[in-house]
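Chain and residue survey
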Amino acid sequence: MATLSVKPGQRFTLPDWHTNSHLTSADAERQRSASHQVRQEGRALRNETDNQAKWDEHDNQTRLAERISSVNRWKETLDKCLADIDAEIDALAKVKEAAERALQAKNLPLDVSIECLTLRESRRAIDLVRDLVGEELHQEVKVINKAKRELQQRVHEAFEQLCLLQEARQQLSCDHQRKVEALEIDRVCLSLNVSSPNISFKVNPTRVPDGSTAPDEWEQNSQCNKEHAEAEMKASTELREATLLAIAQTNNELEAQRVATEFALRKRIRDLERAYDELKWQEQKTLEEIPEMEEDIRRLEEDLRRKMQDLKVAHTRLETRMYRPNMERCRDQVQYGLTDEVHQLEGAIRALKQKLAESQDALDALYRQLHRIQTDMGCKANSLLLDNKCLDSRRKLVVPAEKFVPELDAFNRTTNRPLSPPKNGQLEAA
């Protein structure tokens, strides 16, 4: 017969059993209700957070797109501004080079003017005169120096303006480069999604980075860079116009002065040629007058010798008649006639001697005048040679240097007149 190994446990009553069942069922109902509530709240939360996340992502996508568009607009504006400032720098550099070439081109006219002034310092005697040509040459030197100073000032201003333009361009270039980098970063951000391989958690991503600026400050910075560049371009444009005007004005002034100087120089050459022709004519007439004067002097001398012989005869007759005997030495008509003849001959001799002295003085004066004429002709010939050399030298101002060939024999080319040497003994007598 089998036996129990342990003593049976506590025995519950049937009501306890029913109560336990009821409690268990009630707890199950309560837990299911709580679970349902949690599930509903979880679903609502998932829907809410999912919608919020989607809308936040959509809004940020939109903001990124708008930011990219805004940055891109400024990038395009800066692109255009950079292109404009590059064109202005190139234009100003070309104008600066043109001003430097114009400044360099003023050296030749200045050298020519100084050369002409130096040549004309070799004029001699009375031809070393302060004439219109000298005044125009000095005025030309002043005009050239003034033009050089003005062009040098323009070149200096252009250089400084180029530095300012380069500085403004550097600011624009840096701003442009920063916007390019910002565009690349924002476009990368715009392309990110949950499937992107390079997404990860970051340490304190919501921190405010150092050097952050407000949108207004960002906008103002780019606007200031753009306005600064535009202001420098406007100043550069005005400087270019002023420089081109200065180049044209200085060229016109120098050309007008060159024309005035060459007009005065050609007029001076014509005056010298007329003076040389007048002296040549005077020399010819003087050379014609000298033989006639010499012939008249010779005749005066012959006439004087004849009068001296006549006077000797009259003196001899009077002296001889002094030896008539006694009463024969009367003062007859012969005595009176011989005495009158002596007086007349002595007066004639004195007049002839005086006239001979005057004629000799006149001949000496003719020789001196001939010497002066020939000396003046030499001065005029020298002045013509120098002024024609000046005229030939000034051809370099209108003829290209590679085509310039100096004219030979500048004086003979103009005057083509050899100087007549004085006759032998003329200068010695003078």
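Per an unreviewed UniProt entry, the protein goes by Tektin and derives from Pluvianellus socialis. In its Subcellular location (unreviewed entry) section, the UniProt entry covering the protein states "Cytoplasm, Cytoskeleton, Cilium axoneme".

On to the overall build of the protein. When helices and strands are tallied, the protein shows seven helices and zero strands. In the protein, the order of α-helices and β-strands from amino to carboxyl end is α-α-α-α-α-α-α. Relative to the 2.2 N^0.38 estimate, which gives 22 Å for 430 residues, the radius of gyration of the protein is 62 Å and therefore markedly larger than a compact globule would have. For the protein, the C-alpha atoms occupy an extent of roughly 255 × 35 × 35 Å along the three principal directions. A separation of at least 24 residues holds for 87% of the contacts in the protein among residues at least 6 apart in sequence. Total accessible area computed for the protein in this model is approximately 28700 Å², and 54% of it derives from carbon and sulfur atoms. Each charge class in the protein was averaged separately, 68 positive and 77 negative side chains, and the resulting centres sit 2 Å apart.

Tracing the sequence through the fold places Arg258 in helix 4 (residues 215-321). Residue classification places Arg258 among the buried residues on the basis of a relative accessible area of 12%. Within the local environment of Arg258, its side chain forms a polar contact with the side chain of Glu255, the two groups lying 2.5 Å apart. If sequence neighbours within four positions are ignored, Arg258 has contacts with Glu140, Arg394, Leu397 and Val398.

Let us now look at the pattern of salt bridges. Counted according to the given criterion, the structure contains 33 salt bridges. Put simply, Glu29 and Arg32 hold a salt bridge, and the shortest N to O gap is 2.1 Å. Remark: Arg32 and Glu29 occur in helix 1 (residues 14-105); sequence separation between them is three residues, near one turn of the helix. Looking at Glu29, the relative accessible area reads 46%, which means it is partly exposed. For Arg32, a relative accessible area of 46% puts it in the partly exposed group. With a closest N to O distance of 3.7 Å, Lys396 and Glu115 form a salt bridge. Residue Lys396 is found in the loop between helix 5 (333-394) and helix 6 (410-414), and its partner Glu115 is found in helix 2 (residues 107-120); the two are separated by 281 residues along the sequence.

Here we take up the UniProt feature "coiled-coil region" (unreviewed entry) in the protein. Residues annotated in UniProt with the feature "coiled-coil region" (unreviewed entry) correspond here to residues 134-161 and 269-376. The distance separating the terminal C-alpha atoms of residues 134-161 is 40 Å; by composition the span is 100% helix and 0% strand. Segment residues 269-376 splits into 90% helix and 0% strand. End C-alpha atoms: 15 Å apart.

Further remarks concern the confidence of the model for the protein. When pLDDT is averaged along the protein, the result is 84; 90% of the residues meet or exceed 70. Here helix 7 (residues 426-429) stands out as the least confident element of the protein, with mean pLDDT 39; helix 3 (residues 132-191) is the most confident, with 91. When the criterion is pLDDT under 50, residues 408-430 qualifies, and its contacts beyond four places in sequence or with other chains add up to 40 contacts.

The next point concerns a nonpolar patch on the surface. Together, Val188, Leu192 and Ile199 make up an exposed nonpolar region whose accessible area comes to about 220 Å². Structurally, the position occupied by Leu192 is in the loop between helix 3 and helix 4. Residue classification places Leu192 among the partly exposed residues on the basis of a relative accessible area of 32%.

Time to look at the environment of Asn382. With respect to the helices and strands, Asn382 occurs in helix 5. As a C-alpha pair, Asn382 and Cys163 span 219 residues in sequence and 55 Å in three-dimensional space. Discounting residues that sit within four places of it in the chain, Asn382 has contacts with Ser122, Arg123 and Arg124.

Looking now at the side chain of Asp131. Positionally, Asp131 belongs in the loop between helix 2 and helix 3. Overall, the relative accessible area of 10% leaves Asp131 in the buried class. At 3.2 Å, the side chain of Asp131 and the side chain of Arg268 are in polar contact. Residues contacting Asp131, with those up to four places away along its chain left out, are Arg120, Arg123 and Arg268.

Once that is clear, we can look at the packing of helix 2 against helix 3. At a minimum axis distance of 10 Å, the contact between helix 2 and helix 3 shows a crossing angle of 155°. The pairing of helix 2 with helix 3 is recorded here as roughly antiparallel in orientation. At the point where helix 2 passes helix 3, the crossing takes the left-handed sense. Residues Asn107, Pro109, Leu110, Ser113, Cys116, Leu117 and Arg120 of helix 2 pack against Val133, Gly134, Leu137, His138, Glu140, Val141, Ile144, Asn145 and Lys148 of helix 3.

Now for the packing of helix 4 against helix 5. Their axes nearest at 5 Å, the elements helix 4 and helix 5 cross at an angle of 165°. Between helix 4 and helix 5, the angle falls in the class roughly antiparallel. The chirality of how helix 4 crosses helix 5 is left-handed. Here the contact of helix 4 with helix 5 is composed, by residue class, of 34 nonpolar, 11 polar and 23 charged.

The backbone phi angle of Ala125 is positive, close to 55°, even though this residue is not glycine. You can see Ala125 is positioned in the loop between helix 2 and helix 3.

Reading the values: rules and limits
- Residues numbered from 1 in each chain as written.
- Predicted model: local features only at pLDDT ≥ 70, side-chain atom pairs only at ≥ 80, totals over all residues.
- Heavy atoms only, no water.
- UniProt positions renumbered as here; feature names shortened; annotations may be inferred.
- Helix = DSSP H or I, 4+ residues; strand = E, 2+ residues; numbered from the N terminus.
- Rg over C-alpha atoms; globule rule 2.2 N^0.38 Å.
- Contact = heavy atoms within 4.5 Å.
- Areas by Shrake-Rupley, 256 points an atom, 1.4 Å probe, with all protein chains shown as cover.
- Lys, Arg positive; Asp, Glu negative; His and termini not counted.
- Charge placed at Lys NZ, Arg CZ, Asp CG, Glu CD.
- Buried < 20%, exposed > 50% of the residue type's maximum accessible area, 1.4 Å probe, protein only.
- Polar contact = N/O pair within 3.5 Å; in protein donor to acceptor, adjacent residues only side chain to side chain.
- Salt bridge = Lys/Arg side-chain N within 4 Å of Asp/Glu carboxyl O.
- pLDDT = per-residue confidence, 0-100.
- Patch = residues over 30% accessible without salt bridge, like charges linked within 9 Å, V, L, I, M, F, W, Y side chains within 5 Å.
- Axes fitted to C-alpha atoms, helices over the stretch in contact; angles between N-to-C directions.
- Parallel < 35°, antiparallel > 145°, perpendicular 65-115°, else oblique.
- Left-handed = near helix turned anticlockwise from the far one by under 90°.
- Nonpolar A, V, L, I, M, F, W, Y, C, P; charged D, E, K, R; others polar.

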